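What follows is each chain in one-letter form.
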Amino acid sequence: MVEILSLGRFHLQQNRPDLRRWVPAFLSSHKTLFTVLWLAAFASVFIWQRNAVVGGFSFFRWGVASRPIPRLRPAAFNLTDFGGVGDGVTLNTEAFQRAVYAISKLGKKGGGQLNVPPGRWLTAPFNLTSHMTLFLAEDAEILAIENEKYWPLMPPLPSYGYGREHPGPRFGSFIHGQNLKDVVITGHNGTINGQGQAWWKKYRQKLLNNTRGPLVQIMWSSDILISNITLRDSPFWTLHPYDCKNVTIRNVTILAPIFEAPNTDGIDPDSCEDMVIEDCYISVGDDAIAIKSGWDQYGIAYGRPSMNILIRNLVVRSMVSAGVSIGSEMSGGVSNVTVENLLVWSSRRAVRIKTAPGRGGYVQNVNYRNLTFDNVRVGIVIKTDYNEHPDEGYDPKALPILKDISFIGVHGQGVRVPVRIHGSEEIPVRNITFQDMSVGLTYKKKHIFQCAFVQGRVIGTIFPAPCENLDLYDEQKRLVKRSMSQNVTDIDYDF
């Protein structure tokens, strides 16, 4: 941020004679001002997370000594104490295992901290333990071994019925934990690198017989903090908290190629409760965030909702899917979700709720506030025919409930279709609210605020004009016009 501001001052000094004439003209252009503000916000996040790209922006650190590693637990160890070698070639699996075992004995004394020094630390998958802090120093990179023979197989997730991609066992995650309490993964923005390129290639070539494993998966655990690190190139979903409580994810950068990196979701809270995701930058090959709670009859039987989730202060990108999604695996229910201060840029979709007959469950009490879309094909999507099922045993009469969803403060530019709410006669969308919305369009077509089987309201004036399915209220929330056309279908997927 400092460098950008100083460069900006230098630029203005070079053009001082024209300053009085140039500034008013500049500020008069709303679109230009929006673009500059967006670039400033994006640049600040990108510089803040500059160490995320290996070797990138190294000139910011010239002459700066490595930061000392703070001691966050009563006992602290270095990976080198257990024989670790950070040359990118030596396999460090036993070093990680010995370190975790030593920390597992210290739970009654407050646990232990494992410091990963600068270097490239190749390893097979390993497990965490309770009362543990994994600290990645600046320029430390934990590398996942690419050979799947080193990756253990695990039973399928109980709320999914079988492996997400193949029946039977699934590959475990690279860094794994279950039935844990008080776990911290943090650092000075060190990196956990899944080296997923080989996995993506084999997946596309149909050479894998089991579902790919996530990069980090923590299951049936509580009091989890993940902060100040970079996660990149996961074989599958990147960060997957499963049936966890009290989870905080803060100041995390998540990266994968925006194309040809299949299913590399950024963060997938799955049947989780009391969770905060904040101050993150995510650019991946699928959903940046996807809130889940199980798949069809298996998720219904497991019966664990995702609830009380706060997502705020994020910059995200998804050219394949969406910035923030709910579903489509939401059969245990999703409720009490707030998404605020979100910038979605250069993406296929911004925010999306997806479900289908057979899912059961519900999505309710979801509030979106202060959303900004920049160069997004479709801004807001609710889709009720996402017909992908684990097997033929699902109940097509298990219909999800979608209700009590609000969008307040939605702005942006370069959006093709701002709203597409595709309810159905079986799965209508109820009690939806729009307020304070102004989105710049790339196509001046009629059907750009698209609705089908929707009931709800618009408060005040919004742009573009809403579909006729919604009631109109003034700024004081007094009814102006009641809709008589809630079941009208105005969905057009041609643009």
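This is a predicted model, so every value here is computed, not measured.

This part takes up the pattern of salt bridges. Counted according to the given criterion, the structure contains 22 salt bridges. A salt bridge links Asp182 to Arg73, with the nearest nitrogen and oxygen atoms 2.7 Å apart. Of this pair, Asp182 sits in strand 11 (residues 181-187) while Arg73 sits in the loop between helix 3 (30-48) and strand 1 (75-78), and the two are 109 residues apart along the sequence. Owing to a relative accessible area of 23%, Asp182 belongs among the partly exposed residues under this scheme. Glu148 is the salt-bridge partner of Lys202, the closest N and O atoms lying 2.7 Å from each other. Here the residue Lys202 occupies a position in helix 5 (residues 197-204), and Glu148 occupies one in the loop between strand 7 (140-144) and strand 8 (153-154), the gap between them amounting to 54 residues. Taking the relative accessible area as the measure of exposure, Lys202 reaches 26% and is therefore partly exposed. A single network of salt bridges, built from pairs that share partners, joins Arg164, Lys292, Glu329 and Glu388.

Before going further, it helps to examine the state of the cysteines. Counted by the stated rule, this structure contains one disulfide. The side chain of Cys451 participates in a disulfide bridge whose partner is Cys467; the two sulfur atoms lie 2.0 Å from each other. Handedness of the Cys451-Cys467 disulfide follows from its S-S torsion of about -75°: it is left-handed. With Cys451 in strand 25 (residues 449-452) and Cys467 in the loop between strand 26 (454-459) and strand 27 (471-473), this pair connects stretches of sequence that are 16 residues apart. Residue classification places Cys467 among the buried residues on the basis of a relative accessible area of 7%. Cys244 provides the cysteine sulfur closest to Cys272, a residue in no disulfide bond, and the two sulfurs are 4.9 Å apart. Taking the relative accessible area as the measure of exposure, Cys272 reaches 0% and is therefore buried.

With that out of the way, let us pick up the sheet that holds strand 13 (residues 216-219). Think of a sheet as strands paired side by side through backbone hydrogen bonds, with each pair either parallel or antiparallel. Here we have four strands laid out as an open sheet, ordered 5-10-13-15, and parallel in their pairing. Only two strands of the sheet have a single neighbouring strand rather than two, namely strand 5 (126-127) and strand 15 (239-242). Bridge analysis of strand 5 against strand 10 (residues 175-178) gives two bridges, and the strand direction is parallel. Bridging from a neighbouring strand, Asn127 pairs with His176 of strand 10.

On to the nonpolar core. Leu134, Ile249, Ile282, Tyr368, Phe407, Ile432 and Phe434 are the most contacted members of the largest nonpolar core, which has 102 residues in total. Aside from chain neighbours lying at most four places away, what touches Ile249 is Ile226, Leu239, Ile267, Met275, Val276, Ile277, Glu278 and Cys280. Within the second largest apolar cluster, eight residues are counted, among which are Leu157, Met219, Phe236 and Tyr302.

About the criteria used
- Residues numbered from 1 in each chain as written.
- Predicted model: local features only at pLDDT ≥ 70, side-chain atom pairs only at ≥ 80, totals over all residues.
- Heavy atoms only, no water.
- Salt bridge = Lys/Arg side-chain N within 4 Å of Asp/Glu carboxyl O.
- Helix = DSSP H or I, 4+ residues; strand = E, 2+ residues; numbered from the N terminus.
- Buried < 20%, exposed > 50% of the residue type's maximum accessible area, 1.4 Å probe, protein only.
- Disulfide = S-S within 2.5 Å.
- Pairing = 2+ DSSP bridges.
- Core = buried A, V, L, I, M, F, W, Y, C linked by side-chain atoms within 4.5 Å.
- Contact = heavy atoms within 4.5 Å.

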